Amino acid sequence: MEMQVAYQPYFDPEFDSLIERMYPPRVCIDNETYPDCTLVKVDSANKQGILLEMVQVLTDLDLVISKSYISSDGGWFMDVFHVTDQLGNKLTDESLILYIQQALCASRRGGISKEIQKRLKRSTRPRHVSTEHTALEITVTNRPGVMSEISAVLFELGYRVTAAVVWTHKNRAALILYIEDGSQGGPIIDPKQLAHIQEQLEIVVEAHHGEGERMSVRLTTPAASQTHTERRLHQLMSADRDYEDWRGCEASCGEWQGCTRTHVSIENYKDRGYSVVNVWSRDRPKLLFDTVCALTDMQYVVCHAAVSSKGIMADQEYFIRQKNGRILDTESEKIKLTRCLVGAIERRVSHGLRLDICTRDRRGLLSDVTRLFRENGLTITRAELGTSGENAIASFYVTDISGHDVNRSIIDAIRKEIGESVLVVHRSPSCSDSHGSSSSTTISRSSSIQDSDNRQKFSLGNLFWSHLEWLSSNFGNHSTVMRSS
């Protein structure tokens, strides 16, 4: 029987700290090398999860990553990102450049200075990550009306939803809601209150489940640091095993270049001690974040990687090892990683008509809006809700109960009841060209006019959120009908 050699460098914690003090992270922003993009170069002592941290910083700034080259084998990490803003421009704002430099080193230098955050004059914190409110996490069978019933229970119990994110994939749904006391504000920390909330919500969730179906309800009190909300959604859906129903492309389809479905292949280079993972898929916002998130949460170490786009498709190649230094030496490990990567890529894709709402915030708003959707026969496939001052901003993707596009007359009825001045209607993306998120970190950046137009289309939602303060300050001052182009 052949013995497999495990490659596992030892990192002494004290030595790591010494190395970081002697060789602090270096971040270089290069606007000279390429005429059409900015290079973000990072050199740092290596640690588990550092690649995800770097990608997450750029993702939360809504920057577009067109290419990336990564090397982090051993004790040192080196990465180069090709980056533009949402409109394909280089990064020239000095406050943004300073913010990136500090943010990429924040975990090792004590965080980002308040002066830099103030100078940036834009929201950079992940929109729905809250350390001041109680977090409610739910995984449930995706059936019409479940979001409406959950929000109705919270309203009846006297609690206010300050932010919410909902993902659906196949027949499963994952929800993260941040809630506070409806009358006094602030988090819910009393154990009896938390137990009562959980009990009432479990009754609702169980009503949507058949025998043997999976479900979970979990409440967490505020902590100094919480997992990034979108990463946590990936973790919830992966733990819920939404990846088990295989939807990647079969090998029988032929060449990858002629297929737009997701392909994953895994090969072992035993003499080098790597497993090589190749991912070929349709490019979309946050694709790089989702892929790296899946690898990191499955305890794989990315030693080298190269990602880039080819037209509407994205090509990713990762040289990985398990955290214990071993390669993927069993077929079951390869199958699970393949399915998890396909799940991570596909679960963010949005389906249906997108409705953007900006209105005065109040307790029970989410309950009223989702009830209105349910009464009109609409199913929520994805949702994001947040607040800014006295206003609430939300994006919902909806379909009819059969998963088809929504009839225009239903939208007109909803617009009339919610208020025409605060509803934005976007065309429904198809499964093949869905971009999946209102904020956009994508691997692709094409020089063609057509691809440039497409990029501007999918950034509309991003611009909607980035102009949140403008919308909030002007709401109520005049009535404006907002329509998508």
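The paragraphs below set out a description of the structure included in this document. Just so it is clear, the model here is predicted, and its values are computed rather than measured.

### What about the overall build of the protein chain?
- Tallying secondary structure elements over the protein chain gives 15 helices and 16 strands in all.
- Long-range contacts, defined as pairs at least 24 residues apart, comprise 73% of the intrachain contacts of the protein chain with a sequence gap of at least 6.
- Working note: accessible area of the protein chain is about 22,500 Å², and carbon and sulfur atoms make up 49% of it.

### Quick word on helix α9 (residues 287-297)
- Where burial is concerned, most of α9 is hidden: 10 out of the 11 residues are buried.
- Leu287, Leu288, Phe289, Asp290, Thr291, Val292, Cys293, Ala294, Leu295 and Thr296 are the residues of α9 that are buried.
- Following α9 by one or two positions, glutamine 299 adopts a phi angle in the positive range, close to 65°.

### So, the packing of helix α8 (residues 229-239) against α9
- Running from N to C, α8 and α9 point in directions that differ by 60°, and their axes come no closer than 10 Å. One finds that α8 runs oblique with respect to α9. Handedness of the α8/α9 crossing: right-handed. Contact residues: α8 offers Glu230, Arg231, His234 and Gln235, while α9 offers Phe289, Asp290, Cys293, Thr296 and Asp297.
- Grouping the amino acids of the contact of α8 with α9 by side-chain chemistry returns 2 nonpolar, 3 polar and 4 charged.

### Section: the packing of aromatic side chains
- Inspection of every chain in the model, using the stated rule, returns 3 aromatic pairs.
- Measuring from centroid to centroid gives 5.8 Å for tyrosine 274 and phenylalanine 319, while their planes differ by 85°, and the two rings are edge-to-face. Within this pair, whereas tyrosine 274 is found in strand β10 (residues 274-282), its partner phenylalanine 319 is found in strand β12 (residues 313-322), the two being separated by 45 residues in sequence.
- According to the relative accessible area criterion, tyrosine 274 is buried, its value standing at 11%.
- Each member of the aromatic cluster is reached from another via a ring pair, and the members are Tyr269, Tyr274 and Phe319.

### Digging into the pattern of salt bridges
- Counted by the stated rule, this structure contains 25 salt bridges.
- With its nearest N and O atoms 2.4 Å apart, the salt bridge here joins aspartate 240 to arginine 172. Taken together, the residues span a long stretch of sequence, with aspartate 240 in the loop between α8 and β9 (263-269) and arginine 172 in strand β7 (residues 172-181) at a distance of 68 residues.
- Of the residues examined, aspartate 240 reaches a relative accessible area of 5% and is grouped as buried.
- With a relative accessible area of 5%, arginine 172 lands in the buried category.
- Between glutamate 384 and arginine 382 there is a salt bridge whose closest N-O contact spans 3.5 Å.
- With a relative accessible area of 3%, arginine 382 lands in the buried category.
- One network of salt bridges, with partners in common, ties together Glu230, Arg284, Lys286, Asp290 and Arg348.

### Let's talk about the side chain of threonine 134
- Looking at the secondary structure, you find threonine 134 in strand β5 (residues 134-141).
- Looking at threonine 134, the relative accessible area reads 0%, which means it is buried.
- A distance of 2.8 Å separates the side chain of threonine 134 from the backbone nitrogen of isoleucine 188, its partner in a polar contact.
- In this structure threonine 134 touches Leu177, Tyr178, Ile179, Pro187, Ile188, Leu194, Leu219, Thr220 and Pro222, once residues within four positions along its chain are discounted.

### Here's the deal with the sheet that holds β10
- On the basis of which strands lie adjacent, the open sheet formed by 8 strands has the order β1-β2-β4-β3-β11-β12-β10-β9 and antiparallel pairing. Edge positions in the sheet fall to β1 (26-30) and β9, since each has one partner strand and no second. Ignoring which end each strand starts from, the neighbouring axes of this sheet average 20° apart.
- Here 10 bridges tie strand β11 (residues 300-310) to β12, and the two strands are oriented antiparallel to one another. Each bridged residue has a counterpart across the sheet, and for valine 302 the counterpart in β12 is isoleucine 320.
- Of the strands in this sheet, β2 (38-45), β3 (64-71), β4 (76-84) and β11 are in contact with helix α2 (residues 50-60), which crosses β4 at around 20°.
- Contacting β9, β10, β11 and β12, helix α10 (residues 331-346) crosses the sheet at an angle of about 145° to β9.

### Details of unusual backbone geometry
- You will see that aspartate 62, though not glycine, has its phi angle at about 60°, which is positive.
- Residue aspartate 62 is classed as buried on the basis of its relative accessible area of 12%.
- Located in the positive-phi region is arginine 241, a residue other than glycine, with phi close to 60°.
- Structurally, arginine 241 is set in the loop between α8 and β9.
- Exposure remark for arginine 241: the relative accessible area of 35% places this residue in the partly exposed category.

### Structural notes on the sheet that holds strand β16 (residues 423-426)
- Taken in spatial order, the 8 strands line up as β8-β5-β7-β6-β14-β15-β13-β16 in an open sheet, and their pairing is antiparallel. What marks the edges here is a single partner per strand, and that holds for β8 (216-220) and β16. Pairs of neighbouring strands in the sheet enclose a mean axial angle of 20°, with direction left out of account.
- Here β5 pairs with β7 via 8 bridges, running antiparallel. Note on β7: the bridge partner recorded for threonine 141 is arginine 172.
- Together, β5, β6 (159-169), β7 and β14 (378-388) form the strand contacts of helix α6 (residues 146-156), whose direction differs from that of β7 by roughly 15°.

### Some points on α2
- With 9 of 11 residues buried, α2 lies mostly within the body of the structure.
- Along α2, the residues that are buried comprise Ile50, Leu51, Leu52, Met54, Val55, Val57, Leu58, Thr59 and Asp60.
- Trailing α2 by a residue or two, aspartate 62 shows a phi angle of about 60°, which is positive.

The rules behind each value
Residues numbered from 1 in each chain as written. Predicted model: local features only at pLDDT ≥ 70, side-chain atom pairs only at ≥ 80, totals over all residues. Heavy atoms only, no water. Helix = DSSP H or I, 4+ residues; strand = E, 2+ residues; numbered from the N terminus. Contact = heavy atoms within 4.5 Å. Areas by Shrake-Rupley, 256 points an atom, 1.4 Å probe, with all protein chains shown as cover. Buried < 20%, exposed > 50% of the residue type's maximum accessible area, 1.4 Å probe, protein only. Axes fitted to C-alpha atoms, helices over the stretch in contact; angles between N-to-C directions. Parallel < 35°, antiparallel > 145°, perpendicular 65-115°, else oblique. Left-handed = near helix turned anticlockwise from the far one by under 90°. Nonpolar A, V, L, I, M, F, W, Y, C, P; charged D, E, K, R; others polar. Phe/Tyr/Trp six-rings, centres within 6.5 Å; stacked < 30°, edge-to-face > 60°. Salt bridge = Lys/Arg side-chain N within 4 Å of Asp/Glu carboxyl O. Polar contact = N/O pair within 3.5 Å; in protein donor to acceptor, adjacent residues only side chain to side chain. Pairing = 2+ DSSP bridges.

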